[in-house]
Each structure stands twice: as structure tokens, then as C-alpha cells.
Amino acid sequence: MRVSYNKEGVGDTLLISMTEVSEEDRAFEKKGNAVRIFNSVSGETAGYNLFNASSYFVIKSSGGVVELTENLLNDLNASLHQNGFEEQLHADLSPKFVVGLVESKEKHPNADKLSICQVNTGREKLQIVCGAPNVDSGQKVVVAKVGAIMPNGLVIKDAELRGVPSSGMICSAKELDLPDAPQEKGILVLDDHYEIGADFLKK
């Protein structure tokens, strides 16, 4: 689930995105200050728009992205219920930018500049296709897991690159918008003292 808020660009409206739905199947249901966006074929909820959002709770956003916390999730559910929607929102609140260990790297069979990496993130092992020239086995790296929202607004999703499944992204300092990030291409390689599975943003 992704939550965004840009008062200058959109107005006092909180945008809650849960899944994608094609334009031809998109339908809307309005109750009070809330609009439910759903798939007219399956009935599945794709998201909500909450108008006059700042009248319900304090919103902290950075570049339009709102950090999803347990308190915010409770506030969202309370505001939707207040407007007549009974659906309960659920979200994965686990860290999305974690320290990972590249356990193995092999050449992509269909692309010279891509590598297939097996990455240990503590709780799970992910297969990630990476195009960085400096990625190698044994490195500790920053992994943006599926569901992560990059500083530029990109949402990380399961993908298939040249026929090979990929779950997540190994990040560069520039992609993470870190200060003094080098301009040359390449992932951020962490010092060995970083703990595998740790939340990188709370280092």
C-alpha cells in the first residue's frame, strides 16, 4: 500500500493506492470526504482518495510520499469508517530498505550487462537482477524490497528482466538520494559492520 500527499500540487487530498486497475475497469464510490476506487469487474478495492485530509489527522510527507506507520494506518481506517466505509486497510509495515548480503552472482543468460544475484536479507533470500558493473558476491548492500518507494517516487515491484524473475532492487547511493553520492554507475557497497536484515534507514 502506498500513501501520498502533495498539498501544493493536488490539494488537501490523501491518495491511498493499493493495487493497479485499468482505466476501462475503474469505478468510483463516494461517501462524504472519501472516494473508493475499485475494479468494476472483480469488485477489488484499488485505493481511496481522502479529501480535506488534514482535518482528520496531521500528515507528514517528504516529496509527496507519506511514511506508513501503525498510527497512520489506524488513523486512515478511522477516517474511512467515519465517512461510511467499513473496509479495514491492512499493510506490511516491515522495513523496505534493508541490508542484504549478495551470496552469489551469475551472468544473465540473455543480457551481457545484467547479473543474477541471490541476496540474503535476513528473513528471506531474494533473486535480484542487477545491472550495476560493481556488484559481486560477498558484498553487503542496500536492498529496496518489493513495495519500497524510492526517493524519486518509483515503486519497487516484482519484475521479469529479459526472462528472469527479479524481486527487489540493489541500490546505489544516488538512487537512495544520499548526500555526496558519486555520479558514476554502481551500487552502494556497505562496510562489514552492517547487520544483515537491518533497517538501513534507521542505521
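As a reminder, the structure under discussion sits directly above these lines.
This write-up is about the structure you can find in this document.

Definitions and limits used
Residues numbered from 1 in each chain as written. Predicted model: local features only at pLDDT ≥ 70, side-chain atom pairs only at ≥ 80, totals over all residues. Heavy atoms only, no water. Salt bridge = Lys/Arg side-chain N within 4 Å of Asp/Glu carboxyl O. Buried < 20%, exposed > 50% of the residue type's maximum accessible area, 1.4 Å probe, protein only. Phe/Tyr/Trp six-rings, centres within 6.5 Å; stacked < 30°, edge-to-face > 60°. Helix = DSSP H or I, 4+ residues; strand = E, 2+ residues; numbered from the N terminus. Polar contact = N/O pair within 3.5 Å; in protein donor to acceptor, adjacent residues only side chain to side chain. Contact = heavy atoms within 4.5 Å. Expected span 1.5 Å × (residues − 1). Arc of directions from axis to C-beta. Core = buried A, V, L, I, M, F, W, Y, C linked by side-chain atoms within 4.5 Å. Pairing = 2+ DSSP bridges.

### Some points on the pattern of salt bridges
A complete count under the given rule lists 8 salt bridges for this structure. Glu 29 serves as the salt-bridge partner of Arg 36, at 3.3 Å between the closest nitrogen and oxygen. Classification of Glu 29 by relative accessible area gives partly exposed; the value is 27%. The network of salt bridges with shared partners includes Glu 29, Lys 31 and Arg 36.

### Concerning the packing of aromatic side chains
In total, this model carries 2 aromatic pairs according to the counting rule given. Geometrically, the ring pair formed by Tyr 48 and Phe 85 is edge-to-face, given 5.3 Å between the ring centres and 75° between the ring planes. On the criterion of sequence distance, the pair formed by Tyr 48 in strand S5 (residues 45-51) and Phe 85 in the loop between helix H1 (70-82) and strand S8 (97-107) is long-range, its members being 37 residues apart. Owing to a relative accessible area of 1%, Tyr 48 belongs among the buried residues under this scheme. Taking the relative accessible area as the measure of exposure, Phe 85 reaches 5% and is therefore buried.

### With respect to the side chain of Gln 139
Counting through the fold element by element, Gln 139 comes out in the loop between strand S10 (125-130) and strand S11 (140-144). For Gln 139, a relative accessible area of 13% translates into the label buried. Within polar-contact distance, the side chain of Gln 139 engages the backbone oxygen of Asn 134 at 2.8 Å. Engagement of the side chain of Gln 139 in a polar contact is seen with the backbone nitrogen of Asp 136, the distance being 2.8 Å. Setting aside chain neighbours within four positions, we find Gln 139 in contact with Gly 100, Leu 101, Val 102, Asn 134, Ile 187 and Val 189.

### Some thoughts on unusual backbone geometry
At Arg 162, a position not held by glycine, the phi torsion is positive, near 55°. Here Arg 162 lies in the loop between strand S12 (158-161) and strand S13 (164-167). The backbone phi angle of Asp 177 is positive, close to 60°, even though this residue is not glycine.

### Regarding H1
Across its 13 residues, H1 extends 18 Å between first and last C-alpha, which sits within 8% of the 18 Å expected from 1.5 Å per residue. Those residues of H1 not exposed but buried are Leu 72, Leu 73, Leu 76, Asn 77, Ser 79 and Leu 80. Along H1, the residues classed as buried sweep out an arc of 165° about the axis, all on the same side. Residues Glu 70, Asn 71 and Gln 82 are exposed on H1 and point more than 90 degrees away from its buried face. In this structure, the buried residues of H1 make contact with strand S1 (2-5), strand S2 (13-17), strand S4 (34-39), S5 and strand S7 (65-66).

### Some words on the nonpolar core
Ranked by internal contacts, the top residues of the largest apolar core, which has 18 residues, are Leu 14, Phe 57, Ile 59, Val 66, Leu 76 and Leu 89. Listed by contribution, the elements that provide at least two residues to this core are S1, S2, S5 and H1. Per element, the largest residue contribution to this core is 4 residues, and it comes from H1. Those residues in contact with Leu 14 that lie beyond four places of it in its chain are Val 3, Ser 4, Tyr 5, Tyr 48, Asn 49, Leu 50, Ala 53, Phe 57, Ile 59, Val 66 and Leu 76.

### Focus: the pairing of S1
Only one face of S1 is covered, namely the face carrying Val 3 and Tyr 5; the face carrying Arg 2 and Ser 4 is uncovered. In terms of strand pairing, S1 meets S2 through 4 bridges, oriented antiparallel. Its bridge partner lying in S2, Tyr 5 is registered against Leu 14.

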